[in-house]
Amino acid sequence: MGENNFKCNFCKVCNGKGCIGQLPGMGGVRKNENFILNCSDWEIVRKRNIEKVKKFLELPPEFRIPSISIAPMTGAVENIGFAHESDFYNQIIQAMHKVGVGLCIGDGYPDEKLKFGIEALKKVKSEAPDARTSVFIKPYSNEKIIERFEWAKDCVKITGIDIDSYNILTMRNLVSLEKKSVSQLIEIKNHIKMPFAIKGVFTKEDIKLVKEVMPDIVYISNHGGRIDTRKGSTAEFLAKYGEKLKKYCGELWIDGGIRSPNDVATAMALGANCVLVGRPFATALCQGGGEALCKKVLELSLLQYGNSPL
């Protein structure tokens, strides 16, 4: 049947410095350049905006309960080291649902990756119809995107396009992905009958795109440092452009290097409505199963209990 052979080095601190050059695997491109910046820049951004963060932390607890979700992840065999692709989705979705975390699934090659994620969400939705669920599709042709949305529509409440992943290293030469235009994204937005998100917003060009499309959700991301894009972090992008982006959408989501309740508080103080976490949740699952995963969620969610981490 095969055994798991996890690729994570399980560093004491997940900051991008322990998996350089490991892609496929848990690393990123350009010697983890943006992965490292994603992690380190939250403290820098926090210090520059300390008064906003303090003001946020002074709010009554009910106004600063963080919305936390799993970041959409696929490639459990080649990137994480699971023996079987389906095992990852079932385990992580079930564990996250138990602690009330938002449930995201992503797209990948071959199609079974998306279908395994859909199966895992359907199990949750059969028991909890109101669970927060979303799916992010790679930028195939619009016809193929709409087809994949049809697969998932009965188990998700939010659908999105992963616009930056046309440039993802691990899928080059495997599938035909494209850089999406304003008209193509508007076509998809008008076709679906649920909230629409644009994921992978990370450049000035992306801001212009968002302004024209006006999605329900703007999702700031550089794919955890796994795509070939400009040098920088999601934290600095949020600090610089978050206020502007909120004019063009209903909600602002962000991932990338979020490792502590301080990081969560900083993101929310700067306008994020939801923070999404990838590697720390995946590695916790690998190390200790559902129990360790739940503990990791609670570590990030201390704000729920009225504690100020600063």
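Here is a short report on the structure shown in this document. (Residues numbered from 1 in each chain as written. Predicted model: local features only at pLDDT ≥ 70, side-chain atom pairs only at ≥ 80, totals over all residues. Heavy atoms only, no water.)

Let's talk about the overall build of the protein chain
(1) Moving on: From N to C terminus, the protein chain includes 11 helices and 8 strands.
(2) Moving on: With the C-alpha coordinates aligned to their principal axes, the bounding extent of the protein chain is approximately 45 × 45 × 40 Å.
(3) Moving on: Looking at the protein chain residue by residue over its 310 residues, the buried ones come to 55%.
(4) Moving on: A fraction of 71% describes how many contacts in the protein chain between residues 6 or more apart in sequence connect residues 24 or more apart. (Helix = DSSP H or I, 4+ residues; strand = E, 2+ residues; numbered from the N terminus. Buried < 20%, exposed > 50% of the residue type's maximum accessible area, 1.4 Å probe, protein only. Contact = heavy atoms within 4.5 Å.)

With respect to the state of the cysteines
(1) Moving on: On inspection of all chains with the given rule, the structure shows 0 disulfides.
(2) Moving on: Distance from the sulfur of C19, which forms no disulfide, to the nearest cysteine sulfur (C14) is 6.6 Å.
(3) Moving on: Given the relative accessible area of 10%, C19 is considered buried. (Disulfide = S-S within 2.5 Å.)

Focus on the sheet that holds strand β1 (residues 68–70)
(1) Moving on: The strand order β1-β8-β7-β6-β5-β4-β3-β2 describes an open sheet built from 8 strands, whose pairing is parallel. Where the open sheet ends on each side, the last strands, each with one partner, are β1 and β2 (103–106). Going from strand to strand, the sheet's axes swing by 25 degrees on average, the running direction of each strand aside.
(2) Moving on: In this sheet, strand β7 (residues 251–255) lies alongside strand β6 (residues 217–220) in parallel orientation, the contact comprising 4 bridges. (Pairing = 2+ DSSP bridges. Axes fitted to C-alpha atoms, helices over the stretch in contact; angles between N-to-C directions.)

As for the packing of helix α8 (residues 204–213) against helix α9 (residues 234–245)
A pair of packed helices is characterised by two quantities: the angle between their axes and the separation of those axes.
(1) Moving on: Here α8 crosses α9 at 20 degrees, and the two axes come no closer than 11 Å. Accordingly, the angle class assigned to the pair α8 and α9 is roughly parallel. Crossing hand, α8 versus α9: right-handed. Each of K204, I207 and V210 in α8 lies in contact with α9, whose residues at this interface are F237, Y241, K244 and L245.
(2) Moving on: Looking at the contact of α8 with α9, its residues break down into 5 nonpolar, no polar and 2 charged. (Parallel < 35°, antiparallel > 145°, perpendicular 65-115°, else oblique. Left-handed = near helix turned anticlockwise from the far one by under 90°. Nonpolar A, V, L, I, M, F, W, Y, C, P; charged D, E, K, R; others polar.)

Considerations on unusual backbone geometry
(1) Moving on: Cis rather than trans, the peptide bond between L23 and P24 has omega equal to 5 degrees.
(2) Moving on: You can see P24 is positioned in the segment before α1 (33–48).
(3) Moving on: The amide bond that connects Y109 to the next residue, P110, takes the cis arrangement and shows omega of 0 degrees.
(4) Moving on: As for its position among the elements, P110 is in the loop between β2 and α5 (112–127).
(5) Moving on: Of note, the phi angle at F10 is positive, near 50 degrees, even though the residue is not glycine.
(6) Moving on: Inspection of the secondary structure puts F10 in the segment before α1.

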